[in-house]
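# Chain and residue survey
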Amino acid sequence: MGDAVTSVTYGGVVLTDRWVVTDVVRPLPRVIVDTDDAPGRDGVVVRGARYGVPEVSMRVWAVAVGWEDQQRAVREIAATFPRGVERRLSFGDDGGLWRLAQPTGEREVRSYDESVSVDVALLCADPVMYGAQCSASLSGPTVTATIGGTFPARPRVTVVGARPGADGTLGLLIGGRALAVALDGPGGHGVDIDCGSRTCAVDGRLALPTLDSDWPSLPPGAQAMSIASGTGSATVTWHERWL
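Here we summarise the structure given alongside this text. These numbers were taken from a predicted model, which means no experiment stands behind them. (Residues numbered from 1 in each chain as written. Predicted model: local features only at pLDDT ≥ 70, side-chain atom pairs only at ≥ 80, totals over all residues. Heavy atoms only, no water.)

Attention now goes to the pairing of strand S14 (residues 169–174). In terms of burial, S14 is largely enclosed, as 5 of its 6 residues are buried. Across 6 bridges, S14 lies against strand S15 (residues 177–182) in antiparallel orientation. Note that in S15 the partner of Gly-171 across the bridge is Ala-180. Between S14 and the antiparallel strand that follows it, S15, lie 2 residues; Gly-175 among them carries a positive phi value of about 60°. Looking at chain direction, S14 and strand S19 (residues 221–229) are connected through 4 bridges and run antiparallel. Bridge pairing in S19 links Leu-173 to Ser-226. (Buried < 20%, exposed > 50% of the residue type's maximum accessible area, 1.4 Å probe, protein only. Helix = DSSP H or I, 4+ residues; strand = E, 2+ residues; numbered from the N terminus. Pairing = 2+ DSSP bridges.)

Counting 25 residues, the largest nonpolar core has Leu-170, Val-191, Ile-193, Met-225 and Trp-238 as its most contacted members. At the level of elements, strand S12 (143–147), strand S13 (156–163), S14, S15, strand S16 (189–194), strand S17 (199–202), S19 and strand S20 (231–242) are the ones that each hand at least two residues to this core. Residue contacts for Ile-193: discarding those within four places in its chain leaves Pro-155, Arg-156, Val-157, Leu-172, Leu-179, Thr-199, Cys-200 and Trp-215. (Core = buried A, V, L, I, M, F, W, Y, C linked by side-chain atoms within 4.5 Å. Contact = heavy atoms within 4.5 Å.)

Here the largest pocket defines a volume of roughly 290 Å³. The wall of the largest pocket is formed by Tyr-130, Gln-133, Arg-154, Arg-156, Asp-194, Gly-196, Ser-197, Thr-237, Trp-238, His-239 and Arg-241. Contributing elements (two or more residues each) for the lining of the largest pocket: strand S11 (129–137) and S20. Here the lining of the largest pocket takes 4 residues from S20, the largest share from any one element. Of the residues belonging to the lining of the largest pocket, the class tally is 2 nonpolar, 5 polar and 4 charged. In this structure, the second largest pocket occupies an estimated 160 Å³ of space. Considering the residues around the second largest pocket, the lining is formed by Ala-125, Asp-126, Pro-127, Val-128, Phe-151, Pro-152, Ala-153, Arg-154, Ser-217 and Arg-241. (1 Å grid on protein atoms, 1.4 Å probe; cavity = no way out; pocket = protein on both sides within 12 Å on 5 of 7 lines; lining within 4 Å. Points joined across faces, edges and corners; volume = space filled by probe spheres on them. Nonpolar A, V, L, I, M, F, W, Y, C, P; charged D, E, K, R; others polar.)

Tallied over the full model, the rule gives 0 disulfides. Sulfur of Cys-134: no disulfide; nearest cysteine sulfur belongs to Cys-195 and is 16 Å away. No disulfide involves Cys-195; its sulfur sits 9.3 Å from the nearest other cysteine sulfur, which is in Cys-200. (Disulfide = S-S within 2.5 Å.)

The next point concerns unusual backbone geometry. Residues other than glycine seldom take positive phi values, yet Arg-198 does so here, at roughly 55°. Structurally, the position occupied by Arg-198 is in the loop between S16 and S17. Positioned with a positive phi, Asp-203 is a non-glycine residue whose angle comes to about 55°. In this fold, Asp-203 is placed in the loop between S17 and strand S18 (205–206). Take Asp-203: its relative accessible area is 36%, and that puts it in the partly exposed class.

Right, let's get into the pattern of salt bridges. Applying the stated criterion across every chain, the model contains 12 salt bridges. Two residues, Asp-192 and Arg-156, come together in a salt bridge whose shortest N-O distance is 2.6 Å. Residue Asp-192 is found in strand S16, and its partner Arg-156 is found in strand S13; the two are separated by 36 residues along the sequence. On the basis of relative accessible area, Asp-192 is assigned to the partly exposed category, the value being 25%. Each of Arg-26, Asp-93, Asp-94 and Arg-99 takes part in one network of salt bridges that share partners. (Salt bridge = Lys/Arg side-chain N within 4 Å of Asp/Glu carboxyl O.)

Attention shifts here to the pairing of S20. Where S11 meets S20, 7 bridges bridge the pair, whose relative direction is antiparallel. The residue bridging Ser-135 from the neighbouring strand is Thr-237, located in S20. In the sheet, S13 pairs with S20 via 6 bridges, with the strands oriented antiparallel. The partner of Arg-163 across the bridge, within S20, is Thr-231.

Let's shift gears to the side chain of Gln-223. Relative to the helices and strands, Gln-223 resides in strand S19. A polar contact is formed between the side chain of Gln-223 and the backbone oxygen of Pro-219, at a distance of 3.3 Å. (Polar contact = N/O pair within 3.5 Å; in protein donor to acceptor, adjacent residues only side chain to side chain.)

Next comes the structure, spelled out in structure tokens:
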């Protein structure tokens, strides 16, 4: 066996309470630079850069003697990592940070005299790690919140009793970016805007932000938030994000 880690949790299951986990590989996100050829000149033109998708891998061991016991252990391990399901993955030495991951690739099984192992690979579609969930209330004037982490957070805004301003919209300023949605009628509305999934709902029905709206992100540091148009009791929530 390779070196075992102290604690691994996936989808609420503490793997290391049931099995031995070794050979863990947790790569940093790969940097992908997008380029174009530049006719008539040396080199290339850099169009942008982005983070690639990291893949976490590990080997999960079960103590099992005999073919039947080993096959039973393999099935239990496989059932803990169902296909197409994205779940939280955390390691005890990451200080409470966690990733979103789902199984990918081959799952090689190795059988020994008194144990069996399964190789597991997990794809992290979002290349960053997540930390504490934080929130700020916007029922009063402008609020300044300190965003932790090392990567921009994706805010979610929920508003209770929303009423439109003179322009017929509920308008927000989040981290210096405008986000507004039209409201039909003067009565109080429920508004839910998720900037991570880029979805917006008014009274439970899908809606579109105004054409001049952004989907704000919150870089680390001090960020101002306010209701710029209309009224309502708004709460902004976000998870810290870390490279």
